[in-house]
Amino acid sequence: MRSTTRYIALGFAGVMLAACGHKDKDAPLAFVPADTPYVVANLDIMDDATRGALLAQADAQLPSQLAQLDASAERLARKDPDGARLLRALRAEFDGKTIESFAQGAGLNLKGYSAFYGLGLAPVLRFELSDPGAFEGFVGRLETAYGKKLDVARVDKQDYRKYAFPASGTEMVLATVGKQAVAALLPADVSPALLRQALGLDRPQKSLQDDGRLTALAKAKGYRKWLVGELDLTRALPLAISGKDPLVGAIQKAHAEAIAARTGEPVATQLQTSPSCTTDAARIAARVPSVSFGYTRLDAKHQDVRFDVALADDISKAFAGLKVELPGLGSAGTAPFDLSLALPVSSLRTFWLAQAEAVAAKPFSCPSLTDLNDSFAKLGPAMQKAAIPPFGDMLGLRIVLDSLVPGKDSALPTFSGRLVLGTSNPDGLLAMGQMMVPALAQLKPAHDGKPLPLPKDMVGILGQPAWLAMGEKALALGVGAGEDARLGDTLKDPPGDAGRMGRMHISGAMYLSWLQLMEQKIDSLAAATATIGKSNEPSIDDNGDDAAGAAAELARSKAQFAAMKSQAERVDSIDAEMHVDEHGMVISSQTALK
């Protein structure tokens, strides 16, 4: 009886494990080779509430995005009328539609899986469709607008479209395979094996779905499964530099043929690659083995992203335990704009001297990388000079803005805020400043954070009151009414904890002010360019192309800024931080939306 019960239990457990381990054999990740050098994919489907909130946000931004598309088409019309018609046709697909209704009309599955990955370095995009017939109709409408049909070819029983790019030796391939769409950039003389794998007719021996690497990465880094990406430089860099990748080889060959047509230099001579290139590329990649990213939070009010840059052990160890004594680096900012950046010159100098010595001891021998030898040879003397005070004593920089108002009629903006220079020798830094600006010599600050007003002639230049204060490891400058009251506390703000390299905080209002300032400067530049370009004696053959081009470029810029401002108006705040731990560098951002 016990044996029977045990067998039943084992059988039930086996069935449950099989059910839990079931994977969709036709999911996009099932077509991604386990050794792909790069991939971006979703590992799970977004819940309806989050998807609905994000679609509502996208719909709110759609008008400004479409205006930008219109401007791009207008700009393209002079040089590529066919391409402009294609953009206008894509734009027309959105007329009277939301993002969701557009996707439905084009057969795109917003609740499906997708993957962008490399077969070698050849990019492939595979995504699920809700209606393959609707997708084919969508592509057909774009073809009609473009003015020519794409070539159609067949492998086995699978039809696919293709479009050649002779100048680069490549071709774009587009196919509907079952309920998925596949788009890929391949060599123009693509091998049957690579083509079949791109279309999914042949599966990889081991897929990323089987490997589970992306799932494990998401768990280790805290990425949500809605979007996860990885670039494996230990695979990608050797492929790019060695000349062994089919796509890179096709591009290099097309380039060599163009040069041969002009100079007569044999193509074979140009394409020679040293065996050392693979070794040197692997050596470089070992220093920064991989880069990955993913959302850590994504909902109607938050968009948090994390980037991870894996580093060699000696690089991580050089900075993971480093505590930079820059006031403010250890706490999140509260001012409308607050940026703290660690610049520990002494530690950076030691690190880069070691890298220069390593390259000098073992230079790169790959012809395409020998320029690095010269760069590192110049780096050594530069790092020696970096030891000279006061630059050699620098610890970091902090910029705090409490207000920023763009000027009118090309005038400079008005602002108030503080500048903090972290240094292990604030007295030496002040002495250098006093040598350069004699008026500062009358200031005798102590290491107590007490603000001292700048001399009147300097205040006249700034156009508003300003103060200087000194702490144990920093000099601080305050500009604008009321900034003197903030300087003391600013110098007492906590320094960076171990490995902290940077922090930033910006409010939505300040972000919008920055965009308005940038837009104002671009408008001023465009006006100045138009004035310079005017001629009292126009040329006989002047057909107005330059003026039309300038107008199209200005329209594109305005549409781009309109889109950016539309997004900025929804932002409540953006925070970011950067640190180094035992595994590498971590850069994270948190965007809070209104």
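Here the structure is a predicted model, which is why all the values come from computation and not from measurement.

**Let's talk about the overall build of the chain**
For step 1, the next point in the chain: Helix and strand content of the chain: 20 helices and 19 strands.
For step 2, the next point in the chain: Dimensions of the chain along its principal axes, counting C-alpha atoms only, are 90 × 85 × 60 Å.
For step 3, the next point in the chain: A buried classification covers 41% of the 594 residues belonging to the chain.
For step 4, the next point in the chain: Counted over contacts in the chain with a minimum sequence separation of 6, partners at least 24 positions apart contribute 67%.
For step 5, the next point in the chain: Accessible surface computed for the chain: about 31100 Å², of which carbon and sulfur atoms make up 60%.
For step 6, the next point in the chain: In the chain, which carries 63 positive and 68 negative side-chain charges, the distance between the mean positions of the two groups comes to 4 Å.

**Some words on unusual backbone geometry**
For step 1, the next point in the chain: Residue Pro 390 is bonded to the preceding Pro 389 through a cis peptide linkage, with omega at 0°.
For step 2, the next point in the chain: With respect to the element layout, Pro 390 can be found in the loop between α15 (371-385) and β12 (394-405).
For step 3, the next point in the chain: In this structure, Asp 156 is a non-glycine residue whose phi angle is positive, near 55°.
For step 4, the next point in the chain: Relative to the helices and strands, Asp 156 is located in the loop between β4 (151-155) and β5 (158-165).

**Some words on the packing of helix α4 (residues 99-106) against helix α5 (residues 132-146)**
For step 1, the next point in the chain: The contact between α4 and α5 brings their axes to 6 Å, and the two run at 95°. One finds that α4 runs roughly perpendicular with respect to α5. On α5, the residues touching Phe 102, Gln 104, Gly 105 and Ala 106 of α4 are Ala 134, Phe 135, Phe 138 and Arg 141.
For step 2, the next point in the chain: Looking at the contact of α4 with α5 residue by residue, the classes come out as five nonpolar, two polar and one charged.

**Examining the packing of aromatic side chains**
For step 1, the next point in the chain: Counted under the stated rule, the structure contains eleven aromatic pairs.
For step 2, the next point in the chain: Considering the side-chain rings of Tyr 38 and Phe 116, the 5.8 Å spacing of their centres and the 40° angle between planes classify their relative orientation as tilted. In this pair, Tyr 38 is assigned in strand β1 (residues 38-41) and Phe 116 in strand β2 (residues 114-119), connecting sequence segments 78 residues apart.
For step 3, the next point in the chain: Its relative accessible area of 35% is what places Phe 116 among the partly exposed residues.
For step 4, the next point in the chain: Centroid distance Phe 127 to Phe 135: 5.9 Å. Interplanar angle 80°. Geometry classified as edge-to-face.
For step 5, the next point in the chain: Judged by relative accessible area, Phe 127 falls into the buried class, the value being 18%.
For step 6, the next point in the chain: Here the aromatic cluster, defined as three or more aromatic residues joined through ring pairs, consists of Phe 94, Phe 102, Phe 127, Phe 135 and Phe 138.

**Quick word on the side chain of Thr 176**
For step 1, the next point in the chain: Secondary-structure assignment places Thr 176 in strand β6 (residues 170-177).
For step 2, the next point in the chain: Looking at Thr 176, the relative accessible area reads 16%, which means it is buried.
For step 3, the next point in the chain: A polar side-chain atom of Thr 176 sits 2.5 Å from a polar atom in the side chain of Glu 136.
For step 4, the next point in the chain: Every residue in contact with Thr 176, bar those within four places of it in the chain, is listed here: Leu 129, Pro 132, Phe 135, Glu 136 and Gln 158.

**Overview of the state of the cysteines**
For step 1, the next point in the chain: Following the criterion strictly, the structure yields one disulfide and no others.
For step 2, the next point in the chain: Residue Cys 277 pairs covalently with Cys 366 via a disulfide, S to S 2.0 Å. The S-S bond linking Cys 277 to Cys 366 shows a torsion near 85°; that makes this disulfide right-handed. On the criterion of sequence distance, the pair formed by Cys 277 in helix α12 (residues 276-285) and Cys 366 in the loop between α14 (345-361) and α15 is long-range, its members being 89 residues apart.
For step 3, the next point in the chain: A relative accessible area of 2% means that Cys 277 is categorised as buried.

**Things to note about the pattern of salt bridges**
For step 1, the next point in the chain: In total, this model carries 34 salt bridges according to the counting rule given.
For step 2, the next point in the chain: Notably, a salt bridge pairs Arg 297 with Asp 299, separated by 3.6 Å at the nearest N-O pair.
For step 3, the next point in the chain: Using a relative accessible area of 22% as the deciding quantity, one classes Asp 299 as partly exposed.
For step 4, the next point in the chain: Members of the salt-bridge network, linked through shared partners, are Glu 136, Glu 143, Lys 149 and Arg 161.

**So, the pairing of β2**
For step 1, the next point in the chain: Pairing of β1 with β2, which is carried by three bridges, proceeds in the antiparallel orientation. Paired with Ala 41 across the two strands is Ala 115, which belongs to β2.
For step 2, the next point in the chain: Bridge count for β2 against strand β3 (residues 122-128) is six bridges, and the pairing is antiparallel. Each bridged residue has a counterpart across the sheet, and for Ala 115 the counterpart in β3 is Arg 126.

**Re α15**
Counting along an α-helix, one turn takes 3.6 residues, and residues three or four places apart therefore face a common direction.
For step 1, the next point in the chain: Helix length check: α15 (15 residues) gives 22 Å between terminal C-alpha atoms against 21 Å at 1.5 Å per residue, within 8%.
For step 2, the next point in the chain: Those residues of α15 lying buried are Asn 373, Phe 376, Gly 380 and Met 383.
For step 3, the next point in the chain: Looking at the packing, one finds that the buried side of α15 touches α14.

**A word on the side chain of Ser 573**
For step 1, the next point in the chain: As for its position among the elements, Ser 573 is in strand β18 (residues 571-581).
For step 2, the next point in the chain: With residues up to four places along the chain from it excluded, the contact list for Ser 573 reads His 505, Ile 506, Ser 507, Gly 508, Gln 590, Thr 591 and Ala 592.

**A few points about the environment of Ala 485**
For step 1, the next point in the chain: By the element assignment, Ala 485 lies in helix α18 (residues 484-492).
For step 2, the next point in the chain: Taking the relative accessible area as the measure of exposure, Ala 485 reaches 62% and is therefore exposed.
For step 3, the next point in the chain: The sequence separation of Ala 485 and Trp 467 amounts to 18 residues, and the corresponding C-alpha distance is 9.8 Å.

**A word on the nonpolar core**
For step 1, the next point in the chain: One finds Leu 29, Val 39, Tyr 117, Tyr 160, Leu 186 and Leu 214 to be the most contacted residues of the largest nonpolar core, which totals 33 residues.
For step 2, the next point in the chain: Ranked by the residues each element gives to this core, the list is headed by helix α6 (residues 192-199), at four residues.
For step 3, the next point in the chain: In terms of nonpolar packing, the next biggest core, distinct from the first, is built from 21 residues, Leu 329, Ala 342, Ala 474 and Met 501 among them.

**Considering the pairing of β3**
For step 1, the next point in the chain: Of all seven residues that make up β3, six are buried, and the element is covered over most of its length.
For step 2, the next point in the chain: Hairpin connection, β2 to β3: the antiparallel pair is bridged by two residues, and Gly 120 has positive phi, about 65°.
For step 3, the next point in the chain: Of the pairings in the sheet, the one linking β3 to strand β7 (residues 180-187) comprises five bridges and is antiparallel in character. In the sheet register, Val 124 faces β7, and the bridge partner there is Ala 184.

**A closer look at the confidence of the model for the chain**
For step 1, the next point in the chain: Looking at the chain as a whole, its pLDDT mean stands at 89, while 91% of the residues score no less than 70.
For step 2, the next point in the chain: Note on residues 1-21: pLDDT is under 50 here. Beyond four places in sequence and across chains, it has zero contacts.

**Things to note about the environment of Met 458**
For step 1, the next point in the chain: One can find Met 458 in helix α17 (residues 456-462).
For step 2, the next point in the chain: The spatial distance from the C-alpha of Met 458 to the C-alpha of Leu 440 is 8.8 Å, given a sequence separation of 18 residues.
For step 3, the next point in the chain: If near-sequence neighbours (up to four positions away) are discounted, Met 458 is found in contact with Val 437, Ala 439 and Leu 440.

Calculation rules
Residues numbered from 1 in each chain as written. Predicted model: local features only at pLDDT ≥ 70, side-chain atom pairs only at ≥ 80, totals over all residues. Heavy atoms only, no water. Helix = DSSP H or I, 4+ residues; strand = E, 2+ residues; numbered from the N terminus. Buried < 20%, exposed > 50% of the residue type's maximum accessible area, 1.4 Å probe, protein only. Contact = heavy atoms within 4.5 Å. Areas by Shrake-Rupley, 256 points an atom, 1.4 Å probe, with all protein chains shown as cover. Lys, Arg positive; Asp, Glu negative; His and termini not counted. Charge placed at Lys NZ, Arg CZ, Asp CG, Glu CD. Axes fitted to C-alpha atoms, helices over the stretch in contact; angles between N-to-C directions. Parallel < 35°, antiparallel > 145°, perpendicular 65-115°, else oblique. Nonpolar A, V, L, I, M, F, W, Y, C, P; charged D, E, K, R; others polar. Phe/Tyr/Trp six-rings, centres within 6.5 Å; stacked < 30°, edge-to-face > 60°. Polar contact = N/O pair within 3.5 Å; in protein donor to acceptor, adjacent residues only side chain to side chain. Disulfide = S-S within 2.5 Å. Salt bridge = Lys/Arg side-chain N within 4 Å of Asp/Glu carboxyl O. Pairing = 2+ DSSP bridges. Expected span 1.5 Å × (residues − 1). Core = buried A, V, L, I, M, F, W, Y, C linked by side-chain atoms within 4.5 Å. pLDDT = per-residue confidence, 0-100.

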